[in-house]
Amino acid sequence: MVRKAVIPAAGLGTRFLPVTKAQPKEMLPIIDTPTIQYVVQEAIDAGIEDILIISGKGKRAIEDHFDRSPELELLLNQKGKTEQFYEVSRLGEMANIHFIRQKELKGLGDAISYARQHTGDEPFVVMLGDTIIDSVIPVTQQLIDVYNQFCQSVIAVEEVAPEKVARYGIIAGKSIDERTYQLSGIVEKPKPAESPSNLAVAGRYILTPEVYSILDDLPPGVNNEIQLTDALQILLKRENIYAYRFEGRRHDIGNKLDYLKTTVEYALKRAEFAEPFMEFLKSVVAREKNYES
Ligand code: G1P
């Protein structure tokens, strides 16, 4: 049974400077909610209540966000701000959230190895802290359903444009059904001409504990980082690994353009903003068109 999630959130967020100089990228808000809160909510919606966040230097704001804040709660209560009071106090009790700090930024594979003691000999979910996925059924739940069928590692994948494969881990595999693949290989950031497919690793994994013994002596790979992808390529020689083309829309918050698009989409989904914001967007488009003509 999959009961625990690991959220790596130690990265420097260099793609999002300067705002990430003194602020974790995982705290960048989509309207009023930090990215990582969507990730934690996805875990909870999939029935996972034990979450380990791999943090690092400059990431204190994440801990504070998921902690109780008695002074703020008292103030909101006294002022009769009931809705905000419940929202703030819920955050302190959302799940059983633990933290551990990655000592050096040596890559995603190294970050995951910090979870070893916490997850022990159980399978666990890995959820990248800068990726949110909008879906009817939480993607983590979709992966758990596949895990329950095979009891082996499962990776969420999505099709990407061929020219974008070099940004991702890419899988090779044979299709088992409409959405499920059995892996024959996995490679980190291949050149487009050498890519085995256009199925990209999308920031959600269920891993078996066997991966830890591989991470122990894994040399650095692409970008001189210890790559989780390289560990999975070795794991594949010992166990089957599956990939699942999930249903949902992935948003990479570490990328500025994607971040802007996500904010717009999420604003249009909120009842209080949908209409006025759509009106505003239409007026912006109309104005731009006028300039063009
Ligand atoms: C990481 C993984 C990569 C995956 C990607 C998804 O890369 O190493 O396999 O496809 O996340 O966002 P990064 O974005 O850290 O370079």
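Check the entry above for the structure.
Residues numbered from 1 in each chain as written. Predicted model: local features only at pLDDT ≥ 70, side-chain atom pairs only at ≥ 80, totals over all residues. Heavy atoms only, no water.

Within the sequence span of helix H4 (residues 82-91), burial applies to Phe85, Val88, Ser89 and Leu91. For H4, the angular spread of the buried residues around the axis is 150°, confining them to a single face. When the buried face of H4 is taken as reference, the exposed residues oriented beyond 90 degrees from it are Glu83 and Tyr86. Contacts made by the buried residues of H4 are with helix H1 (35-45), helix H2 (60-65) and helix H3 (70-78). (Buried < 20%, exposed > 50% of the residue type's maximum accessible area, 1.4 Å probe, protein only. Helix = DSSP H or I, 4+ residues; strand = E, 2+ residues; numbered from the N terminus. Arc of directions from axis to C-beta. Contact = heavy atoms within 4.5 Å.)

Along H1, the positions that sit buried rather than exposed are Thr35, Ile36, Gln37, Val39, Val40, Glu42 and Ala43. Downstream of H1 by one or two residues, Gly47 has phi in the positive range, about 85°.

Once that is clear, we can look at unusual backbone geometry. Residue Leu17 is joined to Pro18 through a cis peptide bond whose omega torsion reads 10°. Residue position: Pro18 is located in the loop between strand S1 (4-8) and strand S2 (29-30). Residues other than glycine seldom take positive phi values, yet Ile31 does so here, at roughly 65°. Positionally, Ile31 belongs in the loop between S2 and strand S3 (33-34). According to the relative accessible area criterion, Ile31 is partly exposed, its value standing at 29%.

On the surface, a cluster of positive charge is made up of Lys57, Arg60, Arg101 and Lys103. If you trace the backbone, Arg101 turns up in strand S5 (residues 96-101). Given a relative accessible area of 38%, Arg101 falls into the partly exposed group. (Patch = residues over 30% accessible without salt bridge, like charges linked within 9 Å, V, L, I, M, F, W, Y side chains within 5 Å. Areas by Shrake-Rupley, 256 points an atom, 1.4 Å probe, with all protein chains shown as cover. Salt bridge = Lys/Arg side-chain N within 4 Å of Asp/Glu carboxyl O. Lys, Arg positive; Asp, Glu negative; His and termini not counted. Charge placed at Lys NZ, Arg CZ, Asp CG, Glu CD.)

In this section: the pattern of salt bridges. For the coordinates displayed, the defined rule picks out 18 salt bridges. Across the salt bridge formed by Glu87 and Arg90, the nearest N and O atoms sit 3.7 Å from each other. One end of the pair is Glu87 and the other is Arg90, both in helix H4 and three residues apart, which spans about a single turn. For Arg90, a relative accessible area of 35% corresponds to the partly exposed category. Taken together, the shared-partner salt bridges connect Asp32, Arg270 and Glu272 into one network.

Before going further, it helps to examine the packing of helix H10 (residues 256-269) against helix H11 (residues 271-292). Look at H10 against H11: their axes get within 6 Å of each other, and the N-to-C directions meet at 125°. As far as their axial angle goes, H11 and H10 are oblique. Contacts from Val264, Ala267, Leu268 and Lys269 of H10 reach H11 at Ala271, Phe273, Ala274, Phe277, Met278 and Leu281. Tallied by class, residues from the contact of H10 with H11 come to nine nonpolar, no polar and one charged. (Axes fitted to C-alpha atoms, helices over the stretch in contact; angles between N-to-C directions. Parallel < 35°, antiparallel > 145°, perpendicular 65-115°, else oblique. Nonpolar A, V, L, I, M, F, W, Y, C, P; charged D, E, K, R; others polar.)

Attention now moves to the nonpolar core. Counting residues in each nonpolar core, the largest one holds 40 residues, and the members touching the most others are Ile7, Ile36, Ile48, Ile51, Ile53 and Phe66. The greatest single-element share of this core, amounting to five residues, is contributed by helix H7 (residues 139-150). Residues within four places of Phe66 in sequence aside, it is in contact with Ile36, Gln37, Val40, Ile53, Leu91, Gly92, Met94 and Ile97. Among the nonpolar cores identified, the runner-up in size contains 32 residues, and Ile112, Val201, Leu207 and Leu235 belong to it. (Core = buried A, V, L, I, M, F, W, Y, C linked by side-chain atoms within 4.5 Å.)

Moving on, we get to the environment of Phe273. Take Phe273: it is sitting in helix H11. Put simply, Phe273 and Arg60 are 213 residues apart on the chain and 31 Å apart in space, counted from C-alpha to C-alpha. Those residues within four positions of Phe273 in sequence are excluded, and the remaining contacts are Ile31, Ala267 and Met278.

With that settled, consider the packing of H3 against H4. In the contact formed by H3 and H4, the axes pass within 8 Å of each other and the chain directions differ by 160°. In terms of orientation, H3 and H4 fall into the roughly antiparallel class. Both H3 and H4 take part in a crossing whose hand is left-handed. Within the contact between the two elements, H3 uses Leu72, Glu73, Leu76 and Asn77 and H4 uses Gln84, Phe85, Val88 and Ser89. Grouping the amino acids of the contact of H3 with H4 by side-chain chemistry returns four nonpolar, three polar and one charged. (Left-handed = near helix turned anticlockwise from the far one by under 90°.)

This part takes up the site of the ligand. Around the ligand, the neighbouring residues are Leu128, Tyr168, Gly169, Glu188, Lys189, Val201, Tyr205, Gln227 and Thr229. At a separation of 2.6 Å, an oxygen atom of the ligand approaches a polar side-chain atom of Lys189. In this structure, Thr229 approaches the ligand through a side-chain N or O atom, which is 3.5 Å from an oxygen atom. In isolation the ligand has 380 Å² of accessible area, and contact with the protein removes 77% of it. Residue composition of the shell around the ligand, grouped by class: four nonpolar, three polar and two charged. (Near = heavy atom within 4 Å. Polar contact = N/O pair within 3.5 Å; in protein donor to acceptor, adjacent residues only side chain to side chain.)

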